[in-house]
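These are the residues of each chain, in order.
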Amino acid sequence: MTFNPFTEKPIKLEKCFEDWQKLAPTPYDKNEVDPYTRVRCILMNGTEYEMNWFMHQLARHTPDNDLRRDVALIRRSEQQQQKKIAALKPIDESILETTIGYEQLAVDLTATMARYEPDAYVRNTLDFALLEDFDHLYRYSDLLEMEHGIRGERLVGGYTEIMPGRPTIAEHRHPYDDVRRAITNKKADPLTVLHTAIITAAEQQTMNYYMNLGAFYASEPGRKLYAEIAMIEEQHVTQYESLMDPNCTWLECLLHHEYCECYLYYSMMNDETDPHIKKIWQSHLEMEIAHLHFAADLLKKYEKKEWQQVIPKGEFPQLLHFNCEAAANREYIRNVLKGTVRNSALKEDFVPVSELPENYQFFRYNSTVNGSPENVASHNVINNFIGEFGEDYRFEKCEHPIKALRNRSVDNVDLGRVR
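Heads up: these notes are all about the structure in this document. (Residues numbered from 1 in each chain as written. Predicted model: local features only at pLDDT ≥ 70, side-chain atom pairs only at ≥ 80, totals over all residues. Heavy atoms only, no water.)

1. Points about the layout of surface pockets
When its volume is computed, the largest pocket comes out at roughly 660 Å³. Lining the largest pocket are 29 residues; nearest its centre among them are Glu50, Phe54, Met244, Cys253 and His257. Of all the secondary structure elements, the ones that give two or more residues to the lining of the largest pocket are helix H1 (35–60), helix H6 (190–213), helix H7 (220–241) and helix H8 (250–271). In terms of residue class, the lining of the largest pocket is made up of 15 nonpolar, 10 polar and four charged. (1 Å grid on protein atoms, 1.4 Å probe; cavity = no way out; pocket = protein on both sides within 12 Å on 5 of 7 lines; lining within 4 Å. Points joined across faces, edges and corners; volume = space filled by probe spheres on them. Helix = DSSP H or I, 4+ residues; strand = E, 2+ residues; numbered from the N terminus. Nonpolar A, V, L, I, M, F, W, Y, C, P; charged D, E, K, R; others polar.)

Shown next as structure tokens:
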């Protein structure tokens, strides 16, 4: 069954505003919640964050106060939506427990989108960062087990494996090598346009979370790990935002943002297993349809364009799912590990690190940032865990697909980094 938000009758914008009671919903129970419900909450929080800051940038780049007022009107509603979603996180869920949710989102969202992505270059870009977020999940999980005695497999519900990916120490690349080739929205598949927007918002939310909350973590090893991985998330945001079409006007971008939100809330609503949270997704979908229609009116008023000139087909492509994709994602990740774990970046392209020029900027930058492995937080977390328990913490369904990463008593610091 297809769904086109442009043909739905929107509610009045005034009905999008809610009182304080509705903005403070009952949080999920961290001990009972389905991990993918937590993942959806993180994704939609990040989507709302992206929408709000996009509209603030729009307002800062137009001299027209009437347009600024129009943008402020729907931004206020988007802000309320963000506050409501953020309130779904329970008070007793720690920074690190939430972090496991962030990395599970990064892994399963990226894998799901990559599996269905029609553009080969965009799919390769997703695969590249996938193995890095996969490694982050492993390192945060070892920290969680070592410092709090909580096993990551319980938080991910057994949906997502926890084991090494491309070692984080190998992910520190020169900034020039994180910029990718942009797509063209009017030529790209609608699913590709949505994927680039969704993954940019999700990675940006992760970057911001680590930037802001990492320094609040209670141990020095944890604070250092958040600082290091936050730098990689910055690289990921640089990578993904560079995929997005830079030639769209501000109001074309506004329409794309609202359309993407409608797509995501509709996907979340159809996938959600928690009745209480499912109603929130449904309510927000109704609001976003109203915002979408208002954005279409602004496009027509200020740029004399119909929405069909920007989004020719309003029907949603294949929806985004989590629950039914877990097993396929695990197999997909294992295959990506087999084929690309040794890859690095050469400007816009991906190549095995052995094919980089001998004196390439990657080696200079990586050496400058890391120095010796003993200075690197992501390595020390695993090294210290092994020193205390004899082997690292993992959750593997079967043997690791990469022989060089099977030894649980040694953290590999050369893979993907040394020619």
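Okay, back to it.
2. Digging into the pairing of strand S2 (residues 349–352)
Taken residue by residue, a regular strand's side chains alternate between the two faces of the sheet. Relative to S2, strand S1 (residues 343–346) is paired through four bridges, and the arrangement is antiparallel. Bridged to Leu346 within S2 is Asp349. In textbook terms, the turn of a hairpin is the stretch between consecutive antiparallel strands, and for S1 and S2 this stretch comprises two residues, one of which, Lys347, has a positive phi near 55°. (Pairing = 2+ DSSP bridges.)

3. Considering unusual backbone geometry
For Lys304, which is not glycine, the phi torsion reads 60° and is therefore positive. You can see Lys304 is positioned in the loop between helix H9 (275–303) and helix H10 (326–340). With a phi close to 55°, Lys347 is a non-glycine residue in the positive phi region. Relative to the elements of secondary structure, Lys347 occurs in the loop between S1 and S2.

4. Regarding the pattern of salt bridges
Counted according to the given criterion, the structure contains 25 salt bridges. The partner of Glu161 in a salt bridge is Arg334, and the shortest N-O contact between them spans 2.9 Å. You can see Glu161 sitting in the loop between helix H5 (152–155) and H6 and its partner Arg334 sitting in helix H10, a full 173 residues away along the chain. The two residues Glu161 and Arg334 agree in class, both being buried. Arg408 is the partner of Glu391 in a salt bridge, and the nearest nitrogen-oxygen pair spans 3.6 Å. Of this pair, Glu391 sits in the segment after helix H12 (377–389) while Arg408 sits in the segment after H12, and the two are 17 residues apart along the sequence. Residue Glu391 is classed as partly exposed on the basis of its relative accessible area of 37%. In this structure, a network of salt bridges that share partners links the residues Glu391, Asp392, Arg394, Glu396 and Arg408. (Salt bridge = Lys/Arg side-chain N within 4 Å of Asp/Glu carboxyl O. Buried < 20%, exposed > 50% of the residue type's maximum accessible area, 1.4 Å probe, protein only.)

5. Considerations on helix H4 (residues 120–148)
In a regular helix each residue adds 1.5 Å, so 29 residues correspond to 42 Å; H4 covers 41 Å between its end C-alpha atoms and thus fits that length. Taking burial as the measure, the 29 residues of H4 include 24 buried ones, the bulk of the element. Here H4 starts with a cap whose side-chain oxygen sits 2.9 Å from the backbone nitrogen of Tyr121, and that cap is Asp119. (Expected span 1.5 Å × (residues − 1). Polar contact = N/O pair within 3.5 Å; in protein donor to acceptor, adjacent residues only side chain to side chain.)

6. Points about empty space enclosed by the protein
The full count for this structure, using the stated rule, is two cavities of 30 Å³ or more. The space that makes up the largest cavity amounts to roughly 50 Å³. In terms of lining residues, the largest cavity is bounded by Thr112, Met113, Tyr116, Leu191, His195, Tyr263, Gln318, Leu319 and Leu320. Taken together, the elements giving at least two residues each to the lining of the largest cavity come down to helix H3 (95–116) and H6. If you tally residues by element for the lining of the largest cavity, the top one is H3, at three residues. If you add up the space inside the second largest cavity, you get close to 40 Å³. If you go around the second largest cavity, the residues you meet are Tyr102, Leu105, Ala106, Leu109, Ile199, Ala202, Glu203 and Thr206. Counting residues per element, the ones that place at least two in the lining of the second largest cavity are H3 and H6.

7. Focus on the packing of aromatic side chains
Here the structure, examined in full by the defined rule, presents 23 aromatic pairs. Each ring, one from Phe128 and one from Phe350, has its centre 4.7 Å from the other, and the planes form 35°; the classification is tilted. One end of the pair, Phe128, is in helix H4; the other, Phe350, is in strand S2, and 222 residues separate them in sequence. Per residue, the accessibility class of Phe128 equals that of Phe350, and both read buried. (Phe/Tyr/Trp six-rings, centres within 6.5 Å; stacked < 30°, edge-to-face > 60°.)

8. As for the nonpolar core
Grouped together as the largest cluster of nonpolar side chains are 114 residues, with contacts concentrated most on Leu43, Leu109, Leu254, Leu255 and Trp281. What Leu109 contacts, discounting residues up to four positions off in sequence, is Leu43, Gln104, Ile198, Ile199, Ala202, Leu320 and Phe322. In this structure, Val353, Leu356, Tyr360 and Phe362 belong to the second largest nonpolar core, which totals six residues. (Core = buried A, V, L, I, M, F, W, Y, C linked by side-chain atoms within 4.5 Å. Contact = heavy atoms within 4.5 Å.)

9. A word on the environment of Arg223
Among the structural elements, Arg223 can be located in helix H7. C-alpha of Arg223 to C-alpha of Tyr210: the two residues are 13 residues apart in sequence and 9.5 Å apart in space. Setting aside its immediate chain neighbours within four residues, Arg223 contacts Gly214, Ala215 and Tyr217.

10. Side note on H3
Its 22 residues give H3 an end-to-end C-alpha distance of 32 Å, which sits within 8% of 32 Å, the value for a rise of 1.5 Å per residue. Of all 22 residues in H3, 19 are buried, a share of seventy percent or more.

11. Considering the side chain of Asn4
Considering the arrangement of structural elements, one finds Asn4 in the segment before H1. What makes Asn4 buried here is its relative accessible area of 10%. A distance of 2.9 Å separates the side chain of Asn4 from the backbone nitrogen of Phe6, its partner in a polar contact. In this structure Asn4 touches Trp307, Gly314 and Glu315, once residues within four positions along its chain are discounted.

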